[in-house]
Amino acid sequence: MFPIRDHNPSGRTPYVTYALIVANVLIFLAMHYGSASPLALEAAFFDWGLVPAELMQGQGYEGLLTSMFLHGGWAHLLGNMLFLYIYGDNLEDVLGHGGFSLFYLAAGLAAAAAQVLADPFSWIPMVGASGAIAGVMGGYLLLFPRAKVDVLIIIVIFFRIIPVPAFLLLGLWFLFQVVSGVAVPTDQGGVAYWAHAGGFGAGILLTLPAFIARGGPAFWRRTHGLPPHPETALPRSNVPLVRRKR
């Protein structure tokens, strides 16, 4: 089950969201295709990623920021940018361009702090925009819990796109991060589950002022948890199956 789009149009052009996507892609291309060797790429991850043990020694503070713009591979990059594209425009619409920029950075810092607290003596560099984007998802959940999000379901050779409410999709995603964070040892590397969970929680807290300014729970009652504007009219997505002739 993979989200591909939402039915929540933005009232303004999300320049910051677009700029973040472009910056992440350009930095990825420069690092992965501009490095002289795999060893140089690995060294760059240690130089610019966030290394918890180094941070605990009072060094590598720049990694708190630079790690948000590094990605380990194409799947890592494209997955993050898709999530940012789906949810970022609506939060930028609510917070404004400057407010969203500060929100994104604050959520990313909170995510990094959560991962460092989970494994403060790790020498494995943490990279990726996932924590900051998890914050965007948390803010989206608070403001638009019943916004429809189209998800792609793949079962062997069968494909289907169905709309689900944001609270279900994002709630399950957050639960998976927490359960995985508890179950998977942090010293094994891989996915920074606690960064995801920490960023998500920070995103909710950082969006609270905007939520309260709109009336808090009264905002939900007025909108029934849906976006406070007409949803995007999207055609039904029945993906046809192609069968070979015998």
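The residue count restarts for each chain, going from 1 along the sequence in the order it is written. Restriction of local features to residues with pLDDT of at least 70 applies here, the model being predicted, together with a cutoff of 80 or more for giving and counting side-chain atom pairs; totals for whole chains, interfaces and linings are based on all residues. Excluded from the side-chain calculation are hydrogens and water; included are all heavy atoms of the structure.

1. So, the overall build of the chain
Working step 1: Each helix and strand counted, the chain has nine helices and three strands in total.
Working step 2: Overall, the chain shows an N-to-C arrangement of helices and strands of β-α-α-α-α-α-α-β-β-α-α-α.
Working step 3: Throughout, the radius of gyration refers to the C-alpha atoms, and the reference size of a globule is 2.2 Å times the residue count to the power 0.38. Relative to a compact globule of 246 residues, whose C-alpha radius of gyration would be 18 Å, the chain shows 19 Å and is just as compact.
Working step 4: Across its three principal axes, the chain shows a C-alpha extent of roughly 65 × 50 × 35 Å.
Working step 5: Working definition: with a 1.4 Å probe on protein chains only, accessible area under 20% of the residue-type maximum means buried, over 50% means exposed, and in between means partly exposed. For the chain, with 246 residues in total, the buried portion stands at 42%.
Working step 6: Surface accessibility follows the Shrake-Rupley procedure with a 1.4 Å probe radius. Residue values consider only the protein chains on display as shielding. In the form shown here, the chain has an accessible surface area of approximately 12900 Å², with 69% of it arising from carbon and sulfur atoms. Only runs of H or I of at least four residues qualify as helices and only runs of E of at least two qualify as strands under DSSP, and these elements are numbered from the N terminus.

2. As for helix 5 (residues 74–118)
Residues that lie three or four places apart on an α-helix share one face, since the helix turns once every 3.6 residues.
Working step 1: For helix 5, which comprises 45 residues, the first-to-last C-alpha distance of 27 Å sits more than 12% below the rise-based estimate of 66 Å (1.5 Å per residue).
Working step 2: Within helix 5, the axis deviates most sharply at Gly96, by approximately 115°. A helix is expected to span 1.5 Å multiplied by its residue count minus one. We define the bend at each residue as the angle formed by axes fitted to the 7 residues ending at it and the 7 residues starting at it.

3. Some details on the packing of aromatic side chains
Working step 1: Centres within 6.5 Å are what make two rings of Phe, Tyr or Trp a pair, Trp counting through its six-membered ring; a difference in plane orientation under 30 degrees is then read as stacked, over 60 as edge-to-face, and the rest as tilted. Going through the model one piece at a time under the given rule, you end up with 13 aromatic pairs.
Working step 2: Measuring from ring centre to ring centre gives 4.9 Å for Phe211 and Trp220, while their planes differ by 50°; the resulting arrangement is tilted.
Working step 3: Residue classification places Trp220 among the partly exposed residues on the basis of a relative accessible area of 33%.
Working step 4: A network of ring pairs unites the aromatic residues Phe2, Phe83, Tyr87, Tyr140 and Phe144 as a single cluster.

4. Overview of the side chain of Asn80
Working step 1: Within the element layout of this structure, Asn80 appears in helix 5.
Working step 2: Working rule for contacts: check all heavy atoms of both residues, and any pair within 4.5 Å makes them a contact. With residues up to four places along the chain from it excluded, the contact list for Asn80 reads His71, Gly128, Ala129, Ser130 and Ile133.

5. Quick look at the pattern of salt bridges
Working step 1: The term salt bridge refers to a side-chain nitrogen of Lys or Arg lying within 4 Å of a carboxyl oxygen of Asp or Glu. Counted by the stated rule, this structure contains two salt bridges.
Working step 2: Salt-bridge contacts for Arg5 lead to Asp150; the nearest nitrogen and oxygen are separated by 2.6 Å. Here the residue Arg5 occupies a position in strand 1 (residues 2–6), and Asp150 occupies one in strand 2 (residues 148–155), the gap between them amounting to 145 residues.
Working step 3: Given the relative accessible area of 4%, Asp150 is considered buried.
Working step 4: Arg12 is the salt-bridge partner of Asp93, the closest N and O atoms lying 3.4 Å from each other. Taken as a pair, Asp93 in helix 5 and Arg12 in the loop between strand 1 and helix 1 (15–34) lie far apart in primary sequence, 81 residues in all.
Working step 5: Of the residues examined, Arg12 reaches a relative accessible area of 36% and is grouped as partly exposed.

6. Re the pairing of strand 2
Working step 1: Relative to strand 2, strand 1 runs antiparallel, the two being bridged by four bridges. Looking across to strand 2, one finds that Arg5 is bridged to Asp150.
Working step 2: Two strands pair if DSSP finds at least two bridges between them. Here strand 2 pairs with strand 3 (residues 158–165) via eight bridges, running antiparallel. Paired with Ile154 across the bridge in strand 3 is Phe159.

7. Some details on the sheet that holds strand 3
Working step 1: In space, the three strands of this open sheet follow the order 1-2-3, with antiparallel pairing throughout. Each edge of the sheet is formed by a strand with only one pairing partner; in this case those strands are strand 1 and strand 3. Across the sheet, the axes of successive neighbouring strands diverge by a mean angle of 30°, strand direction being ignored.
Working step 2: Here the axes come from fitting lines to C-alpha atoms, over the contacting stretch only for helices, and the angles between their N-to-C directions go from 0 to 180 degrees. Sheet strands in contact with helix 5 are strand 1 and strand 2, and its direction is about 35° off that of strand 1.
Working step 3: Sheet contacts for helix 7 (residues 166–183): strand 1, strand 2 and strand 3; angle to strand 3, the most-contacted strand, approximately 105°.

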